[in-house]
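# Structural overview for review
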Amino acid sequence: MTRTKPGKVTQLLDFFFDEVHSLFVHLGLRKHGGTNSASDFYVLFLTLTALLSIVPLVCFYTLSLDPHVVHWLGTEPQYVNLAVPVLLGSLAASMPFLKHLHPSRETVRVAVLILFLGASAAMIVSAVRLLHSSRAVSNQLVFHCGQGGSVSALLESEWRGLPHLLQP
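Looking now at the overall build of the protein. Counting secondary structure elements, the protein contains six helices and zero strands. Its helices and strands taken in sequence order, the protein reads α-α-α-α-α-α from the N to the C terminus. Across the 168 residues in the protein, those meeting the buried criterion constitute 20%. Considering only intrachain contacts with a sequence separation of at least 6, the fraction spanning at least 24 residues in the protein is 56%. Total accessible area computed for the protein in this model is approximately 12,900 Å², and 69% of it derives from carbon and sulfur atoms.

In C-alpha cells:
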C-alpha cells in the first residue's frame, strides 16, 4: 500500500482554495490578493457540508426507488437521509447570519454549541428511531412471517387469491 505524500494533499487543497478565491474575485466578493480568513472558513464549512451530504442524498434517492423499503418502512428512511443535508445546510447558513448580528464572543460560543448539539441530537434521535423501526420490521418478517394477523399473512392471503381473479 503506497501512501500519498503530504505535499500532494496540501497542493490539492491549495489549488481548490485558490480556485475558490479567484471565483470570489471574479464575482466581486473579494479583492485580488486580499485575504479573509472568515470567508475561507465559510468556504471550508460549505465544502465539508457538501461532501458530508453526498452519501445521504444518494441513499435518499436509492431508498425512494426501492419499493420494498417504501412498503415495509414507509418514507421514514428517506426523511432521515434527507435530514442530514438539511441540518448541515442550516448550520452552514446560520454561521454567517450569526456573525452578521455582531454578538459577543461568549454568545457566539453558546449559540454555536446549541446549534451543533441540536442538529446532532436531531440526527441521532432520528437514526435511533429508524434503527428501532427497521429492527421491528425485520423481527416481524424473520420470526413472525405468515402468522395470523401479521402484514405478511395478509399479503400471503391476497397473493393466493389472485389466481381466482384471473379465472373467467
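Moving on from the model shown.
Along its 25 residues, helix H4 (residues 76–100) runs 36 Å from first to last C-alpha, staying within 8% of the 36 Å computed at 1.5 Å per residue. Its axis deflected by about 25 degrees at Ala 83, H4 carries its strongest bend there, up to four residues before the proline Pro 85. Of the residues flanking the end of H4, it is His 102, one or two places downstream, whose phi is positive at about 55 degrees.

This part is about the nonpolar core. Counting eight residues, the largest nonpolar core is built from Tyr 42, Phe 45, Val 84, Leu 88, Leu 91, Ala 92, Met 95 and Ala 119. When residues of this core are traced back to their parent elements, those giving at least two are helix H2 (37–65) and H4. Tallying contributions element by element places H4 first for this core, with five residues. If sequence neighbours within four positions are ignored, Leu 88 has contacts with Thr 49, Leu 52, Ser 53 and Met 123.

Enumeration over the complete set of coordinates arrives at one aromatic pair. The interplanar angle of 70 degrees and the centroid separation of 6.1 Å between the aromatic rings of Phe 45 and Phe 116 together place this pair among those described as edge-to-face. Here Phe 45 is found in helix H2, whereas its partner Phe 116 is found in helix H5 (residues 105–143), with 71 residues between them in sequence. Taking the relative accessible area as the measure of exposure, Phe 116 reaches 32% and is therefore partly exposed.

The end-to-end C-alpha separation of H5 is 56 Å, in line with the 57 Å expected for 39 residues at 1.5 Å each. Those residues of H5 that fall on the buried side of the exposure criterion are Ala 111, Ala 119, Ser 126, Leu 130, Ser 133 and Val 137. In this structure, the buried residues of H5 make contact with helix H3 (67–73) and H4.

Looking now at the packing of H4 against H5. Contact geometry for H4 and H5: axes closest at 10 Å, N-to-C directions at 175 degrees. Taken together, H4 and H5 sit at an angle that is classed as roughly antiparallel. Across the contact of H4 with H5, the residue classes tally to 18 nonpolar, three polar and two charged.

On to a nonpolar patch on the surface. A cluster of nonpolar residues, Leu 51, Ile 54, Val 55 and Val 58, forms a patch on the protein surface that exposes about 380 Å² of accessible area. Note on placement: Leu 51 falls in helix H2.

Here the largest pocket is characterised by a volume of approximately 260 Å³. Forming the boundary of the largest pocket are 12 residues, of which Phe 41, Tyr 42, Met 95, Lys 99 and Val 108 lie nearest the centre. Of all elements in the fold, only H2, H4 and H5 reach the threshold of two or more residues within the lining of the largest pocket. Here the lining of the largest pocket is composed, by residue class, of 10 nonpolar, one polar and one charged.

Quick notes on the rules
- Residues numbered from 1 in each chain as written.
- Predicted model: local features only at pLDDT ≥ 70, side-chain atom pairs only at ≥ 80, totals over all residues.
- Heavy atoms only, no water.
- Helix = DSSP H or I, 4+ residues; strand = E, 2+ residues; numbered from the N terminus.
- Buried < 20%, exposed > 50% of the residue type's maximum accessible area, 1.4 Å probe, protein only.
- Contact = heavy atoms within 4.5 Å.
- Areas by Shrake-Rupley, 256 points an atom, 1.4 Å probe, with all protein chains shown as cover.
- Expected span 1.5 Å × (residues − 1).
- Bend = angle between axes of the 7 residues up to and from the residue.
- Core = buried A, V, L, I, M, F, W, Y, C linked by side-chain atoms within 4.5 Å.
- Phe/Tyr/Trp six-rings, centres within 6.5 Å; stacked < 30°, edge-to-face > 60°.
- Axes fitted to C-alpha atoms, helices over the stretch in contact; angles between N-to-C directions.
- Parallel < 35°, antiparallel > 145°, perpendicular 65-115°, else oblique.
- Nonpolar A, V, L, I, M, F, W, Y, C, P; charged D, E, K, R; others polar.
- Patch = residues over 30% accessible without salt bridge, like charges linked within 9 Å, V, L, I, M, F, W, Y side chains within 5 Å.
- Salt bridge = Lys/Arg side-chain N within 4 Å of Asp/Glu carboxyl O.
- 1 Å grid on protein atoms, 1.4 Å probe; cavity = no way out; pocket = protein on both sides within 12 Å on 5 of 7 lines; lining within 4 Å.
- Points joined across faces, edges and corners; volume = space filled by probe spheres on them.

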